[in-house]
Amino acid sequence: MKNNKLFFVLLLTFLLLSVGFLASQCSQSNKKQSEVENECVGDAACKSCHKTEHDQWLASDHFKAMQVANDSTVLGDFNNASYSADGVTSRFFKKDGKFFINTQGEDGKNHDFEIKYTFGYYPLQQYLIEFDRGRMQVTRQSWNSRDNKWFHQYAGQKILPNDWLHWTGNAQNWNTMCAECHSTNLKKNYNFETDSYNTTYSLLTVSCESCHGPAKEHINYIGSAAYKSGNKEKGSYMLMPKNSSQHSEINTCFPCHARKSNISSKLLSSGELMDDYIPEIPSSEYYDADGQVNDEDYTYASFLQSVMYKHGVKCSNCHNPHSGKLIIAGNGVCNQCHFKKNYDSPEHTFHTVGTDGAACKNCHMPSKYYMGNDLRHDHIFREPRPDLSAKYGTPNACNNCHKDKSAQWASDAVVKWYGPERKYHFADDLVPGSRMDLPHQAHLLKLINDTATPSIIQATAVHYISNINDNSSLQALLQQLNHKDAQVRYRAVTGLAGFSPSQWLGSISPLLQDKVRAVRIAAANLLITANGPDRVSDFGEPFTKAQQELNDYILYQVDFAAGNVMAGDYYFKLRNYAKAEEFYLRGLRKDSIMNYARLNLSTLYNITGRNTDALHVLQQAAKTDPKNDRIYFNLALLYNEMDDQNNVELNLKKAIELKSTNPRVYYNYGVLLQQKNRPKEAENQYQKALSLAQNDLDINYAICTLYLQQNQPEKAIPYAMTLKKHYSGNEQVAQLLRQMRL
């Protein structure tokens, strides 16, 4: 055990931005009718042949996604109306036929801002303001078009002008947060040097070509002699023709209806989503522990968990793709398939026909409000499990309505109606598998190894198991490098970052040539992280190509606050510390409360011998977020390097008071207490650490050594056996086992 000092560890996170609202663009058709490059031509060119679909689209949410502000499109009350909330008073008025809002600007003072565009229309409408450097910003003041009144998103929060959530800040920037899913063939065109945009689009709103692809080739083909003579070309040069497959619809719809990041401005449009995007998985960071949506997660990861997806159901089986409405109202859309049993009756629902409790969606697609008043249904299509709620605290559909009742009450009702046995669902293992405070590895291995587990859930299990640093987890990750699903391979690669490169190096280098771009990027990043910039050239041309794709990915994000931190992390790994510092500071200018930038910046200062600067940055972080246990842990590590032992213990205690779930906090405090000859207290901290990481090498070694030092070898044996089981190849462990004659 390294018990002579605490180690200041590198705390860099290769961020996967959860930007949401980043979408597909018009892209080139795989097949070419001519040498002329395919282009977007606008919806008017589609109308003559597809009038019915065009008329349906004119009434859709897609058509109204973004429009020029005028008397026909603006729904809000601009008749000198006023609205006060959260410390801000705004006034809405018209002048010279234009629409204005007088509200708090980025300097904290009220100004008149002209409304240039509307954004959406129901159940809320937002408004876009033009700023300098090509930026457009979405106002916080939104119109509730259901109840005809003004309201604030983030209601009840006083958002200061320096907060990235302020409507003038990075989080409410149209160019990077919203534009691609509200316009057709959008090009962000961000200029890093000037921090400006020259954003362009083919059509202001979401049009035919957003889904079907650029139509110039299609129109040329339809007018050609070959077509008129009966020479039919499959797909008619469209990206998504009529009666497309489930896979085709998913690749068309989910780039907008998913929480994910864009990989590059250069779309490959290969038919593999992860060539162009990195979708979020249903982990507990953004979802509930059982996979239900929690944050603003959209539908991709939910639908891919569902039995509907498994059985080939596609978006258009339920939704008219042109109007956006259900193809059959109410329960009728479900009864298309679920008609063999009388599900639409009190015998199944135990609720009166026609009530909310009898609606399929309210039980099998639990809902939640987003953006203040937008009720969205989770596309998980699963049975309510209030028994899991009673056991683990997860939400359930029953208590969504019966808020005055307990989860146990709902669970008892389900047992009364449907019997005591619940059919197995992956959530039975996913929930405990997500919990660091429970024995969870066996649950995760079951999910990973069960071929019936949805791939998106296997990816989530791979993500969780990567936090358990032992041989079983390592082998599970290595096995998934060959998984048929790119999401699983991608999470397996990223999950190996916590393991020694010697354990995976030979397995990762082939993935530099994986058929999917996201996996190649992850492999290149992992190799840089583990090997440093001096040794990666050993991997030859495959690495060079994959790193270029990684560069594109990193630099595509730098208009976004968190993207600058990601770039800072990247240059840190390349040991370009000046460039890394530049990006960290740039990220903080865009979001002054983004503390993980400060954490990583302090690490940079520490590693370059600037501990005074590192301390100053961490102290700033503590002032910004005084309830963040990680900040105090980092302060403890830094104070240890600065030989200030009083502050080491003080900050470790603070992290523990904040109920840190990081086992290293308790381990390091145990080491400190052991050094101070306080063995009982050290034992207590090691036990807390083991409750969070039961098979961890350092923790088991530490407590084993502690018991041997206290002449209690019988207490040391269980921990020595854990070391023998998982780390018998470690020389330090082998020496300890020989000493104990094990």
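Cut-offs applied
- Numbers given for residues are sequential positions, taken from 1 along each chain in its written order.
- pLDDT decides what is reported in this predicted model: residues at 70 or higher carry local features, side-chain atom pairs at 80 or more are listed and counted, and totals for whole chains, interfaces and linings draw on all residues regardless.
- No hydrogens and no water enter the side-chain calculation; it runs on all heavy atoms of the structure.
- The criterion for a disulfide is a pair of cysteine sulfur atoms lying within 2.5 Å.
- Put simply, DSSP H or I for four residues or longer makes a helix, DSSP E for two residues or longer makes a strand, and each gets a number counted from the N terminus.
- For every residue, the accessible area (1.4 Å probe, protein chains only) is compared with the maximum for its type, and the residue is labelled buried under 20%, exposed over 50%, or partly exposed between those bounds.
- Paired strands, as defined in this entry, are two strands with at least two bridges between them according to DSSP.

J.: An account of the state of the cysteines is needed here, citing residue identities and associated values.
T.: Taken as a whole, this structure holds one disulfide when the rule is applied. In this model cysteine 181 forms its disulfide with cysteine 256; the gap between the sulfur atoms is 2.4 Å. In this structure, the disulfide formed by cysteine 181 and cysteine 256 twists by about -115° around the S-S bond and is classed as left-handed. Here the residue cysteine 181 occupies a position in the loop between helix 3 (174–177) and strand 10 (190–191), and cysteine 256 occupies one in the loop between helix 7 (246–253) and strand 12 (260–262), the gap between them amounting to 75 residues. When its relative accessible area of 13% is taken as the criterion, cysteine 181 is described as buried. The closest cysteine sulfur to the non-disulfide-bonded cysteine 360 is located on cysteine 334, 4.0 Å from its own sulfur.

J.: Just give me the short version of the pairing of strand 2 (residues 81–85), but keep the residues and values in it.
T.: The alternating pattern of strand 2 places Ala81, Tyr83 and Ala85 on a buried face, while none of Ser82 and Ser84, on the opposite face, is buried. Summarising the sheet, strand 2 and strand 3 (residues 88–95) pair through five bridges and their orientation is antiparallel. Across the sheet, alanine 81 pairs through a bridge with phenylalanine 92, a residue of strand 3. Once strand 2 ends, the chain turns through two residues before running back antiparallel as strand 3, passing aspartate 86 with a positive phi of about 55°.

J.: Talk me through unusual backbone geometry; I want residue IDs and the actual numbers.
T.: Proline 123 follows tyrosine 122 through a cis peptide bond whose omega is 5°. Tracing the chain through its elements places proline 123 in the loop between strand 5 (110–119) and strand 6 (124–130). Positive phi is not limited to glycine here, since aspartate 195 has a value of about 50°. The phi angle at arginine 575 is positive, at roughly 65°, despite the residue not being glycine. On the secondary structure map, arginine 575 appears in the loop between helix 24 (561–573) and helix 25 (577–590).

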